[in-house]
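Understanding the architecture of this molecule
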Amino acid sequence: MEDFNSSVDMSTKNPKTAHKARSLLDVYSRLFRNQFMILSMNSSFVDPLLQFESQLKKIESSFRMLVAMPSLDKVKEMGSSNEEIEDLENLYQSILNIFESSLVNLVSTDFYKLQILKEILVWMSEDSSYLQERIMMIINRVLRFAAMKARGHTSVDAPCLGVLAAELSLLCSHDDSSIVQQASLGMYHLFDIAKYQHADIGKSNPTDSKSHSLLFSSDVKFLAKKFQQDKHKIAQTIGQSLLPSLLTDFVRSLLMKLSSPDDKIATEAASILTLTLTFHSEKVTMVSKIVDAIYKQLRENRFHNMKCAMLRVITLLTRTSPKKVIFQLMDYPVPADDTLMEMWQAAGAEATPAPHILKTILLILKGKPREVEDSLTEKKRFSLDATNMMPLAASQALCTFLPLGSYKKAVAQFFPQLLMALIFQVFYSSELRLMSTDRTLYAQDALRVLLNCSGLQQVDITLMKNGFWNQLSEEPHHHYRVYLLAKTLSDYNFPQFPETMCYLYKLSVEGPRRSEDSIIVVIFLTELLNNFFKEPFPEVVLVLFRNWVHDSNPVVSKLSLRRIAYMSPVNEIENVSSLLIAILDAFLSKDETVVLQALLTLRALLPRLDKVIYSSLCTRIASSYCPLMNNISRRIRSMAIQHFGELLREMSQYMWMLSDVVLGGLVPLVLFLEDDEERVANACKHTLKICTLQLKWSTSYLLKDENYSFEMVVLNICNNLIISHRNYIRDLISDTSEFLWSSRTYLKRASVILVGYLAKSGGHLLLRDEIQVMLNATERLLQDEDPVIKELAKITHNIFKKIAHKLTSATLKENFQKLLKFFYIKKLKTLYNYNSPNGQIDSPTDSEYIKNDKEGHREENDDDILVNNQKFNNVLEPISE
């Protein structure tokens, strides 16, 4: 230091020279202080991030001082003698050495700080200093030191190697050959470090470290020469040496260089980038971010100089990561702008990834536009947006992808999936309520493109002539349009039929994601079956129709039932019994329209059914009608009652099998004679005529309109029961008692009358508790708001009181008389003289219409009571309305 000061003193004769010498000495001192502070930070307990930022600032300060120094030749000119020149030259070299040693010290403590070298290269590119070569030499030596240090570690954490490699790779094509040489040496050392990024290098081969050491001591310059001006070799080695995360950093750094104002740098970056992705795009991660970065750059500047290179990057990334690229490209606002469409075209430029791209688009098309995704239940979300608009974007993208020549084979391969996915999307679009109606037409447009790209131009033309496309997306017409599309395809014998049929069958078996999709599948599949298959359908198809009958969507159930109704020949259907049972199960549906369609379908099939099969199922079918006779829906009630009668007429020769069911359904048939819906009452009259004829009862004439009287019909039926079916009376009392709680007035009136007559017929065999239950039930009706019900209930209540009284005062003689009633029968007489609203006389409105005998209901003889031993069902809960 004293020698340097003396040199400065000797040059005081020339003030300007002395000033330059002192400034050089000042640089030395300041670099020395910076080095001291950098080293002291290494041993401090400062937060690592803050430590790195502080050290980086000191390095930058030293770098700025370094590049501000005069050149070595000018420094030499400051000396007046050889000794002074030598001293100044030593000072100059010492300054450079301090800067280099500072970098070495930083790297020796932490490989992470190799990041500083990258920053130096950036600063250097911004300053065309004469020291560029010397700085490159320093960087080269620091990397050499780091490579030697890395050999002593089993693994190395140097996350900046990717961005550092990007900067060095550009310098390998520099105009200055000396910089190219240093950059290529630096690349060699960087790759040497990268080898130790893999933790298993040292473990897998203990001799690796030694062999690398021997290699390093050989002619490194010769080995590094391959990187000079050879982008292919750089691109190949980069992908082989860097970990995926580092290679990604390398790619992203070069991508940013494409926007460099220096055209040469941008061109070199584009060249290296495309070559690297050509060789190693499968190793690149964070593909979505790279795609997004390209989109943002091109959107800001549609006429970007490196536009072709950026689009080429999209093509290369799609080659190995089609799913990631497509998902990102579908996650932008709809409708797509010109930039996005150009990126779609770039993604579809090659045929190899086409199947994977279409698979990804089909996956997106499973979503429903504007469907809010539940992040708590979905492990992976389609879109970053809360409302998923990606299906609309995918539909619009198909308009770009499908016509591409490279996609011809893939489109043929995925025709059925694309066809159904787009039909689903058209249906979803019809439900959208968006500000711009144009946004809902992309699926329809894509469907037309699909037809035209699949050799079905005539189908499209025919549909257009029929105005198909004008109303396709309108919700009221959509299901009919689906049928029309399937029919038109069938009419033209579209060659994709086998694949489409297989896919529809697969969808039917697996079940679509949404119930509304099932409607479309059923319509489409049914129409194809109608056109390409002769009936009867094979069992594999019938299974589908049986399953659809029980679908959660009532429209699907009705479509299936409707098609089953027209199946022919019925008796050739395999396992027809299971098909009929499936229809019977549909009677339990909560949807009124499904039950009605099931009734109609069953009625359509039964007349055509083989009598052997019919007879084996007739009891079960008849029993299934009975619960529907009391359905809340008048349409279902009337149809079930009507069809019950038709079954009895068709199976009259099997009445011995059906008598139990007929008597079990007798109560609703009688009570609903009083239904205020005319069609229900008429259905009851129709069916009761058939029942009484089959039972050989003389009731039919009373059911004619001119002779009709509800009480007389009840009286006649009860008298016939006494004669031929006395064992059923007790059960009929139980069945009737359930209607006493009905909210329908006509049912209360009718049930009070019917239960009174039934009690007179067989009430004396009721148990004491059962009689008490009936007494309580009729007593509650004495408080009913309807005056007619009150009067009717008084009569019925008195009947049960008398039965109860006789039960408690019965003597041995009386019990013996009861036993004789099995052999001696006396018919009942009228009890209520009730004129029903449905009869020829107007409905009674008060008690004057109930004409009692002057003796006030004479007590009947014991001969009027029949005894049976059937168990009484004392169920008296209010009936479900």
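Right above here is the structure, for reference.
Anyway, here's the lowdown on the structure attached to this text. (Residues numbered from 1 in each chain as written. Predicted model: local features only at pLDDT ≥ 70, side-chain atom pairs only at ≥ 80, totals over all residues. Heavy atoms only, no water.)

1. Some words on the overall build of the protein chain
Within the protein chain, the secondary structure is distributed over 44 helices and two strands. In the protein chain, which comprises 881 residues, the proportion classed as buried is 54%. Pairs at least 24 apart in sequence give 75% of the contacts found in the protein chain among residues at least 6 apart. When the accessible surface of the protein chain is split by element, carbon and sulfur atoms take 52% of a total near 39700 Å². (Helix = DSSP H or I, 4+ residues; strand = E, 2+ residues; numbered from the N terminus. Buried < 20%, exposed > 50% of the residue type's maximum accessible area, 1.4 Å probe, protein only. Contact = heavy atoms within 4.5 Å. Areas by Shrake-Rupley, 256 points an atom, 1.4 Å probe, with all protein chains shown as cover.)

2. Regarding unusual backbone geometry
Cis geometry marks the peptide bond from V334 to P335, where omega comes out at 0°. Relative to the assigned elements, P335 resides in the loop between α18 (322-329) and α19 (338-347). One non-glycine residue, M286, lies in positive phi territory at about 55°. The residue M286 is located in the loop between α15 (263-280) and α16 (287-300) in this model. Given a relative accessible area of 35%, M286 falls into the partly exposed group. Not every positive phi belongs to a glycine, and N833 is a case in point at roughly 50°. Here N833 shows up in the segment after α44 (812-820). When its relative accessible area of 30% is taken as the criterion, N833 is described as partly exposed.

3. Some words on the environment of L828
One can find L828 in the segment after α44. With a relative accessible area of 9%, L828 lands in the buried category. Considered as a pair, L828 and L715 are 113 residues apart in the sequence and their alpha carbons are 7.0 Å apart.

4. A word on the pattern of salt bridges
Using the criterion set out here, one finds 31 salt bridges in the structure. Here R302 and E342 are joined by a salt bridge, their closest N and O atoms 3.7 Å apart. Pair noted here: R302 is in the loop between α16 and α17 (307-320) and E342 is in helix α19, with a separation of 40 residues, a long-range link. For R302, a relative accessible area of 33% gives the class partly exposed. (Salt bridge = Lys/Arg side-chain N within 4 Å of Asp/Glu carboxyl O.)

5. Looking at α16
Over its 14 residues, α16 extends 20 Å from the first C-alpha to the last, a length consistent with the 20 Å expected when each residue adds 1.5 Å. Of the positions making up α16, those classed as buried are V287, I290, V291, D292, A293, I294, Y295, Q297 and L298. Looking at the buried positions of α16, the neighbouring elements they touch are α14 (244-257), α17, α18 and α19. (Expected span 1.5 Å × (residues − 1).)

6. Concerning the packing of aromatic side chains
According to the stated counting rule, one finds 18 aromatic pairs in the structure shown. Here the aromatic rings of F497 and F532 are separated by 3.9 Å at their centres, their planes lie at 20°, and the arrangement is stacked. Placement of F497 in helix α28 (residues 497-510) and of F532 in helix α29 (residues 515-532) is noted, with a sequence separation of 35 residues between them. Given the relative accessible area of 14%, F497 is considered buried. The class for F532 is partly exposed, based on a relative accessible area of 27%. An aromatic cluster of at least three residues, connected via ring pairs, comprises F494, F497 and F532. The lysine or arginine in question, R302, covers the ring of F303, its NZ or CZ lying 6.0 Å from the ring centre. For K685, the ring lying beneath its charged end belongs to Y708, and the centroid distance is 4.4 Å. (Phe/Tyr/Trp six-rings, centres within 6.5 Å; stacked < 30°, edge-to-face > 60°. Lys NZ or Arg CZ within 6 Å of the ring centre and 35° of its normal.)

7. Quick word on the environment of S321
Mapped onto the elements, S321 comes out in the loop between α17 and α18. Here S321 falls in the buried class, since its relative accessible area comes to 10%. Counting along the chain gives 40 residues from S321 to S281, while the straight-line C-alpha distance between them is 8.1 Å.

8. Some points on the nonpolar core
Among the nonpolar cores identified, the biggest contains 285 residues, and L114, I120, M330, F524, Y625 and F644 are the most heavily contacted of them. Beyond its immediate sequence surroundings of up to four residues, F524 is in contact with L419, M420, I423, V482, L485, A486, L489, T500 and L504. (Core = buried A, V, L, I, M, F, W, Y, C linked by side-chain atoms within 4.5 Å.)

9. Thoughts on the environment of R749
With respect to the helices and strands, the residue R749 is situated in helix α41 (residues 745-762). The class of R749 is buried, set by a relative accessible area of 10%.

10. Thoughts on a nonpolar patch on the surface
Together, Y505, V509 and V540 line one region of the surface with nonpolar side chains, adding up to about 260 Å² of accessible area. Here V509 lies in helix α28. Accessibility expressed as a relative area gives 52% for V509, which makes it exposed. (Patch = residues over 30% accessible without salt bridge, like charges linked within 9 Å, V, L, I, M, F, W, Y side chains within 5 Å.)

11. Some thoughts on helix α39 (residues 710-724)
End to end, α39 covers 21 Å across 15 residues, agreeing with the expected 21 Å (1.5 Å per residue, within 8%). Judged by how many residues are buried, α39 sits mostly within the fold: twelve of 15 residues are covered. Among the residues of α39, those classed as buried are F710, E711, V713, V714, L715, N716, I717, C718, N719, N720, L721 and I722. Buried residues in α39 make contact with α36 (655-664), α37 (666-671), α40 (729-737) and α41.

12. Considerations on the side chain of E167
Tracing the backbone through its elements, the reader meets E167 in helix α8 (residues 161-171). Not counting residues within four places of it along the chain, the set of residues in contact with E167 comprises K118, L121, V122 and K257.

13. Regarding the packing of α40 against α41
In contact at an axis separation of 9 Å, α40 and α41 are set at 155° when each is read in the N-to-C sense. The angle between α40 and α41 places the two elements in the roughly antiparallel class. Crossing angle aside, the handedness with which α40 passes α41 is left-handed. Between α40, through I729, L732, I733 and T736, and α41, the contact on the second element is made entirely by S751, L754, V755, L758, A759, S761 and G762. Its residues placed into classes, the contact of α40 with α41 shows seven nonpolar, four polar and no charged. (Axes fitted to C-alpha atoms, helices over the stretch in contact; angles between N-to-C directions. Parallel < 35°, antiparallel > 145°, perpendicular 65-115°, else oblique. Left-handed = near helix turned anticlockwise from the far one by under 90°. Nonpolar A, V, L, I, M, F, W, Y, C, P; charged D, E, K, R; others polar.)

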